[in-house]
Amino acid sequence: MSMMDLSILRAQLVVVIVIVATLVTGCANPVIEDAHRLAGLGQHEAALQKLDEAARKDQTDRQLRTEVMLQRDATVGYLVYLADAARAAGRLDDVALVLKRLEVAAPQHPRVAWLRSELTRLRRHQRLVAEAQQQLDAQAYERADAALQTVLSEDPNNGKARAMMNKLAELRESQSRKQSTLQLATATKPITLEFREASVRTVFETLARAAGVNFVFDKDVRSDAKVTLFLKNTTVDEAMRVILGTQQLGSKLLNDNTVLVFPATQQKQRDLLDTVTRTFYLVNADPKQALSLVRTVAKTRDIFVDERLNLLVIRDTPEVVRLVERLIQSIDLADPEVMLELEVMEVSNNQLNAMGMSWPTSVSYGIPGSAAALTSFTGLQAFTTNPLAIATLRATHDTTNILANPKIRARNREKAKVLLGEKLPVFTTTSTPSNGSISNAVSINYVDVGLKLDVEPQVQLDNDVTIKVALEVSSITNKVSGPNDSFAYQVGTRQATTTLRLRDGETQILAGLINDSESRSSAGIPGFHDMPVVGRLFGLTTNEHKKSE
C-alpha cells in the first residue's frame, strides 16, 4: 500500500470518528442534561431524584447508572457541607433536618451513620453543658466540673464548655480567696485575760462572753487541760492565737463569729480543715525549683509535679493555696532579653618605600659560560651578573576598612557568640609503624581567624545591663613551611576582656587594639650603602610601616 493510500485511509477514519461523535452528541440523554442543569443551580437532590427514577426505568443504561453514582456523591458532599456549617454554628435542629435529607438521598452512605452518631453526641453535650450551668448557678461546683470534664474529654474544642470551665476556675479561686480572708468580726477588739491554772473550757467561756464569739469544741479536746496566762489590752485574735498555740489546738473559722476548736493533729487537720486543689501551669519557671520553694516556704505536702506539662498540682487549705499563688507569681517571670547592636570597624594602613641601587652580590673569575673544569689559566676573565646595577624607585600605600554591623539577641545570663571571619584548614600528618612499614594518616583541623566576640548580658533590677565582653581579633601574618611539604599558619591575635555596665540605648566604644609595626632594611655595597644621602647610590633601602586598629 502506498503512502497516498494510507493518507486517504486516515482521512476517511477521521471523518467517520467525527460523524459518530456528532451522532452521540445529538442523541444525548435529555434526563442527564436536565440533571446537570439542576445540579448547576444547586438543586442536587432534585437532580439525583430525576436520575434515580430514569435509572430504575432503564436498568440497562450504564451511562445513567454512572451518572447516578456521581450525583449521589455530589449530593452527599453538599449536604455534609451544610451539616458542618450548622454544627459549627451550634444549630443542632438544622443538623437534624440535613440528616433527614441525607437519609432520603443516600441512606446507606457511611457519612449518614457518622452524622447520626455525631448529632447524638452533640445533643448529649448540649444537655451536659445546660446541667453544668444549673449546677454553677446553684454553686455546686464539683457536679458542674464533672459534667464539663465529660464534654471536654470528648470535644476539647467545645467553646461553651471551655468558657464555663474558665468561669468555674475563677469562681473557685474567688471562693478560696474569700475563705482565706475570712476573719472574726471582733478580731481587733481589745481584751484583758488573767488566769492561773484554769481549765481550757473556762478560758474559752470567758473569751466567748467578753468578745461575743461562739466556740464549738471537737469531742477529742481535753477539757481538764490547765491554762495560765496574763494578757492585758491585746486583741481577740492574738489572745486566741496564744491560747491555741500553748495548748496544741487548732481552729477553723466557720463564720465571722463562730470558731471550731480541735486538737492540732495531722489527722484532725485533714478531716476538719477545708482544702482546695489548684493547678498551676508554669510558663517560665522550672517546676523543680517551684516545688522546692513551695515545700520550703508553704510546707505543702500534697503536691504533684509534671515536668512534661510544666505544671504543679497542690491540695491544701485556702490560706496555704493563696500563699502558693503569690510564690508562683513571684518566680514565674519571663527572662529578660537584650538586643545588642554591634558595629565593628578595622582600619589598616600599610606604607612601603623602596629606593636605591641594587648591585651584584658576587663577582666571578673564570671562563664565562663554561662549567667545565679548568686545565689552564689562559683566557680567564672577571664577570658578574647582567645587568650590573638596577635602580629601584617604588612607593606603595594601602588602606583597608572592614565594617560589620551584626545584631544579636541574647537572654539574661546566657552567652552569645559572634564570629566574623573564616576557618582555615590545617593538615596534620600522623605516622604509625605497622608490620615493618610506616603508614601516614592525614587529619584536618580548622583555625578560626577573624573577629570573635563573646558577650554575656545580665539585666539588673534598675534595667541597667552588665555585659561581660571578650573580644579577639586575629589575622594571618605568615605561612610557615614544615617537613614533608607540610605547612602551618602564623596567626597574629589581639584580645580584650572587660565588663561593662550600660543603660538602655547607651553606646560604648572599645578601642585601642592597635598593631603598629615599622621596619627598615638596607642592602648594598658594604661600607658605602650606610652613608647618608649618597648611600642610596650604593644600595637599596626599604622602609615599611604597618598599622591596624
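Below is a summary of the structure that appears in this document. (Residues numbered from 1 in each chain as written. Predicted model: local features only at pLDDT ≥ 70, side-chain atom pairs only at ≥ 80, totals over all residues. Heavy atoms only, no water.)

Digging into the packing of helix H2 (residues 30-40) against helix H4 (residues 62-88)
Closest axis-to-axis distance for the H2/H4 pair is 11 Å, and the angle between their directions is 10 degrees. Here H2 is positioned roughly parallel relative to H4, judged by the angle of their axes. Together, Ile32, His36 and Ala39 of H2 and Gln63, Leu64, Glu67 and Gln71 of H4 make up the contact between the two elements. Looking at the contact of H2 with H4, its residues break down into three nonpolar, three polar and one charged. (Axes fitted to C-alpha atoms, helices over the stretch in contact; angles between N-to-C directions. Helix = DSSP H or I, 4+ residues; strand = E, 2+ residues; numbered from the N terminus. Parallel < 35°, antiparallel > 145°, perpendicular 65-115°, else oblique. Contact = heavy atoms within 4.5 Å. Nonpolar A, V, L, I, M, F, W, Y, C, P; charged D, E, K, R; others polar.)

Concerning the sheet that holds strand E8 (residues 311-316)
Pairing within the open sheet is antiparallel, and its three strands lie in the order E6-E8-E7. Of all the strands in the sheet, just strand E6 (276-281) and strand E7 (303-306) have a single pairing partner and so form its edges. Averaged over all pairs of adjacent strands, the angle between their axes in this sheet comes to 10 degrees, without regard to strand direction. Across four bridges, E7 lies against E8 in antiparallel orientation. Looking at the pairing, Phe304 lines up with Val313 of E8. In this fold helix H12 (residues 287-297) packs onto E7 and E8, with an angle of close to 170 degrees to the strand it touches most, E7. Set on the sheet, helix H13 (residues 318-331) makes contact with E6 and E8; between it and E6 the angle comes to about 10 degrees. (Pairing = 2+ DSSP bridges.)

Brief notes about the packing of helix H6 (residues 110-137) against helix H7 (residues 141-154)
Contact geometry of H6 with H7 gives a least axis separation of 8 Å together with a crossing angle of 155 degrees. Taken together, the axis directions place H6 and H7 in an arrangement best described as roughly antiparallel. Crossing of H6 over H7 shows left-handed handedness. Taken together, the residues of H7 that come into contact with H6 (itself represented by Arg121, Arg124, His125, Leu128, Val129, Ala132, Gln135 and Leu136) are Tyr141, Arg143, Ala144, Ala147, Leu148, Thr150, Val151 and Glu154. (Left-handed = near helix turned anticlockwise from the far one by under 90°.)

Quick notes on the packing of aromatic side chains
Counted by the stated rule, this structure contains two aromatic pairs. For the ring pair Phe204 and Phe217, a centre distance of 5.4 Å and an interplane angle of 75 degrees mean the geometry is edge-to-face. One end of the pair, Phe204, is in helix H9 (residues 200-211); the other, Phe217, is in strand E2 (residues 214-217), and 13 residues separate them in sequence. On the basis of relative accessibility, which here comes to 1%, the residue Phe204 falls in the buried class. Overall, Phe217 belongs to the partly exposed group, its relative accessible area being 22%. By way of ring pairs, the aromatic residues Phe204, Phe215 and Phe217 are connected into one cluster. Sitting over the ring of Trp114, Arg111 keeps its end group 5.0 Å from the ring centre. Positioned above the aromatic ring of Phe217 is the side chain of Arg201, whose terminal nitrogen or guanidinium carbon lies 4.8 Å from the ring centre. (Phe/Tyr/Trp six-rings, centres within 6.5 Å; stacked < 30°, edge-to-face > 60°. Buried < 20%, exposed > 50% of the residue type's maximum accessible area, 1.4 Å probe, protein only. Lys NZ or Arg CZ within 6 Å of the ring centre and 35° of its normal.)

Thoughts on the sheet that holds strand E5 (residues 258-263)
Ordered in space as E2-E5-E4, the three strands form an open sheet in which the pairing is mixed. The open sheet is flanked by E2 and strand E4 (249-255), the only strands paired with a single partner. This sheet shows a mean twist of 25 degrees between the axes of neighbouring strands, independent of strand direction. With six bridges connecting them, E4 and E5 associate as antiparallel partners. Looking at E5, one finds that Ser251 is bridged to Val261. The strands touched by H9 within the sheet are E2, E4 and E5, with E2 carrying the most contacts at an inclination of about 155 degrees.

Looking at H13
The terminal C-alpha atoms of H13 lie 20 Å apart, and with 14 residues this matches the ideal 20 Å at 1.5 Å per residue to within 8%. Those residues of H13 that fall on the buried side of the exposure criterion are Pro318, Val320, Val321, Val324, Glu325, Leu327 and Ile328. (Expected span 1.5 Å × (residues − 1).)

Concerning the nonpolar core
Formed by 28 residues in total, the largest nonpolar core has its most connected members in Leu51, Leu64, Leu102, Leu115 and Leu119. Those elements that provide at least two residues to this core are H2, helix H3 (44-57), H4, helix H5 (92-105) and H6. Apart from the residues within four sequence positions on either side, Leu119 is in contact with Leu92, Val95, Ala96 and Leu99. In terms of nonpolar packing, the next biggest core, distinct from the first, is built from 26 residues, Ala187, Leu193, Leu207 and Leu249 among them. (Core = buried A, V, L, I, M, F, W, Y, C linked by side-chain atoms within 4.5 Å.)

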